[in-house]
Amino acid sequence: CIYVHLDWHIGHYVKILLDEIFGKNNLVNEIIWQYRTGGVPQKGFAKKHDNIYLYSKSSDFIYNNNKEKMKVDKSKGYNPYTQQYIDEDGNPYVFVNPRDVWDVQHINMHDQTERVGYATQKPEALLKKIILASSNENSIVADFFAGSGTTGAVAEKLNRRWIMSDIGKPACMVMRKRLVDQDARPILLSVLEPEGLSSRVRWHIPFGFLNPCALPVSYIHKQQKQICRMRLRTWSGRDSHFL
């Protein structure tokens with residue numbers, strides 16, 4: 001399956017493209033990622049959520065129903081047939097099926113334990129929910145717009161194999177440092193060159209795979225949308241002749 005994260009600017013446009021590529025019947029969930037950080041407009045409601053579209057190629061995909069802890073509101077009563085537990089503070093809670101609204105906060109700007117200085121860095125808690133739900137140990141997890149490398153960092157901690165790619169060299173430098181600092185298992189760093197789009201190994205330390213795209217800016221601007229479409233089509237098993 002594939003998760004595509006978008007905000008309100010373009011999400012509705014990309015969903016049409018995803019429906020075309022994967023088939024609208026293969027939309028599994030539209031996940032709402034809500035958070036409390038960010039500004040508040042003078043007029044209008046504060047924008048405090050992004051969309052994550054989950055698609056599959058077919059009905060045969062990995063889904064682990066990792067139940068979530070939910071506090072019991074004593075004033076509203078509870079279902080007597082639901083197994084209850086008590087936390088360390090004496091408060092009752094139950095385990096429920098996960099919903100498609102996720103309350104995961106952005107990384108605090110003063111958090112030096114997770115923040116790596118990359119503008120669009122995603123919180124590890126968000127990727128942990130995704131990876132645990134849609135993969136098993138030793139599964140391969142791929143992120144082709146990897147940015148700060150959160151996907152690989154979390155996949156490594158959860159004993160998954162991973163592939164990460166980004167069109168920006170700075171992003172790949174951030175990823176590499178992050179994984180080295182994390183004492184990641186051996187990885188293979190490869191650079192995609194414009195001459196015939198061949199691959200050249202730059203750095204070899206073989207559990208994960210980093211693929212920075214070293215393409216000219218003019219080529220990137222001309223081909224970026226087509227490359228994105230081709231990657232999605234190839235993954236979906238349709239129109240694979242594009243590559």
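Our subject is the structure that appears above.
Definitions and cut-offs
- Residues numbered from 1 in each chain as written.
- Predicted model: local features only at pLDDT ≥ 70, side-chain atom pairs only at ≥ 80, totals over all residues.
- Heavy atoms only, no water.
- Helix = DSSP H or I, 4+ residues; strand = E, 2+ residues; numbered from the N terminus.
- Buried < 20%, exposed > 50% of the residue type's maximum accessible area, 1.4 Å probe, protein only.
- Areas by Shrake-Rupley, 256 points an atom, 1.4 Å probe, with all protein chains shown as cover.
- Expected span 1.5 Å × (residues − 1).
- Pairing = 2+ DSSP bridges.
- Axes fitted to C-alpha atoms, helices over the stretch in contact; angles between N-to-C directions.
- Parallel < 35°, antiparallel > 145°, perpendicular 65-115°, else oblique.
- Left-handed = near helix turned anticlockwise from the far one by under 90°.
- Contact = heavy atoms within 4.5 Å.
- Nonpolar A, V, L, I, M, F, W, Y, C, P; charged D, E, K, R; others polar.
- Phe/Tyr/Trp six-rings, centres within 6.5 Å; stacked < 30°, edge-to-face > 60°.
- Lys NZ or Arg CZ within 6 Å of the ring centre and 35° of its normal.
- Arc of directions from axis to C-beta.

Q: Sorry if this is basic, but what is going on with the overall build of the protein here?
A: Counting its regular elements, the protein contains five helices and twelve strands. Expressed as a percentage of the 243 residues in the protein, the buried residues total 36%. Carbon and sulfur atoms make up 54% of the accessible area of the protein, which amounts to about 15500 Å² in all.

Q: How do you make sense of helix H1 (residues 11–22) when you look at a structure like this?
A: Because an α-helix completes one turn every 3.6 residues, residues spaced three or four positions apart along the sequence face the same direction. The terminal C-alpha atoms of H1 lie 16 Å apart, and with twelve residues this matches the ideal 16 Å at 1.5 Å per residue to within 8%. Taken residue by residue, H1 has Gly11, Val14, Leu17, Leu18, Asp19, Ile21 and Phe22 as its buried positions. Phi for Gly23, located one or two positions after H1, is positive at around 95 degrees.

Q: Where do I start with the pairing of strand E6 (residues 92–96) in this structure?
A: Two faces, one strand: in a regular strand the side chains alternate between the faces of the sheet. Bridging between strand E4 (residues 68–71) and E6 involves four bridges; their strand directions are antiparallel. Opposite Lys71, over in E6, you have Tyr93 as the bridge partner. Hairpin geometry of strand E5 (residues 85–86) and E6 is characterised by an intervening segment of five residues between the two adjacent antiparallel strands and by a positive phi of about 85 degrees at Gly90.

Q: I'm lost on the sheet that holds strand E3 (residues 49–55) in this one. Help?
A: Hydrogen bonding along the main chain pairs the strands of a sheet, whether they run parallel or antiparallel. Across the sheet, which stays open at both edges, the four strands sit in the order E1-E3-E2-E7 with mixed pairing between neighbours. Single-partner strands in this sheet number two, and they are strand E1 (2–6) and strand E7 (101–103). Each neighbouring strand pair of the sheet contributes to a mean axis angle of 25 degrees, computed without reference to strand direction. Looking at chain direction, E1 and E3 are connected through five bridges and run antiparallel. Of the residues in E3, the one forming a bridge with Ile2 is Tyr55.

Q: Explanation requested: the packing of helix H2 (residues 124–134) against helix H3 (residues 150–157) in the structure shown.
A: The description of two helices packed together rests on the angle between their axes and the distance between the axes. The N-to-C vectors of H2 and H3 enclose an angle of 60 degrees; their axes lie 9 Å apart at closest approach. The orientation of H2 with respect to H3, classified from their angle, is oblique. In terms of crossing hand, the pair formed by H2 and H3 is right-handed. Of H3, the residues touching H2 (which contributes Glu124, Leu127, Lys128 and Ile131) are Thr150, Thr151, Ala153, Val154, Ala155 and Lys157. Broken down by class, the residue content of the contact of H2 with H3 amounts to five nonpolar, two polar and three charged.

Q: How should I be thinking about the packing of aromatic side chains in this particular structure?
A: In this description, a pair of aromatic rings is defined by centroid distance and the angle of the planes. For the coordinates displayed, the defined rule picks out five aromatic pairs. The interplanar angle of 25 degrees and the centroid separation of 5.6 Å between the aromatic rings of Tyr85 and Tyr93 together place this pair among those described as stacked. Overall, the relative accessible area of 12% leaves Tyr93 in the buried class. Pairwise contacts between aromatic rings join Tyr85, Tyr93 and Phe95 into one cluster. For the cation-ring pair, Lys47 lies above Trp8, with the distance from its terminal atom to the ring centre recorded as 4.8 Å.

Q: Honestly, unusual backbone geometry in this entry has me stumped. Any pointers?
A: Positive phi, normally seen in glycine, also occurs at Asn138, with a value near 75 degrees. Tracing the chain through its elements places Asn138 in the loop between H2 and strand E8 (140–143). Here Asn159, not a glycine, exhibits a phi torsion of approximately 60 degrees, which is positive. Locating Asn159 in the fold gives a position in the loop between H3 and strand E9 (161–166). For Asn159, a relative accessible area of 24% translates into the label partly exposed.

Q: I tried to follow the sheet that holds E5 on my own but got confused; where do I start?
A: Ordered in space as E4-E6-E5, the three strands form an open sheet in which the pairing is antiparallel. Both outer strands of the open sheet, E4 and E5, are each paired with one neighbouring strand and no more. Note: E5 against E6, two bridges, orientation antiparallel. Across the sheet, residue Tyr85 finds its bridge partner in E6, namely Tyr93.

Q: Looking at this model, I keep getting lost on helix H4 (residues 169–181). Mind explaining?
A: Between its first and last C-alpha, H4 extends 18 Å over 13 residues, near the 18 Å set by a 1.5 Å rise per residue. Every buried residue of H4 is accounted for by Ala171, Cys172, Met175, Arg178 and Leu179. The buried residues of H4 all sit within an arc of 125 degrees when viewed along its axis, so they share a single face. Projecting away from the buried face of H4 at angles above 90 degrees are the exposed residues Pro170, Met173, Lys177 and Asp181. Just past H4, the residue Asp183 takes up positive phi, approximately 60 degrees.

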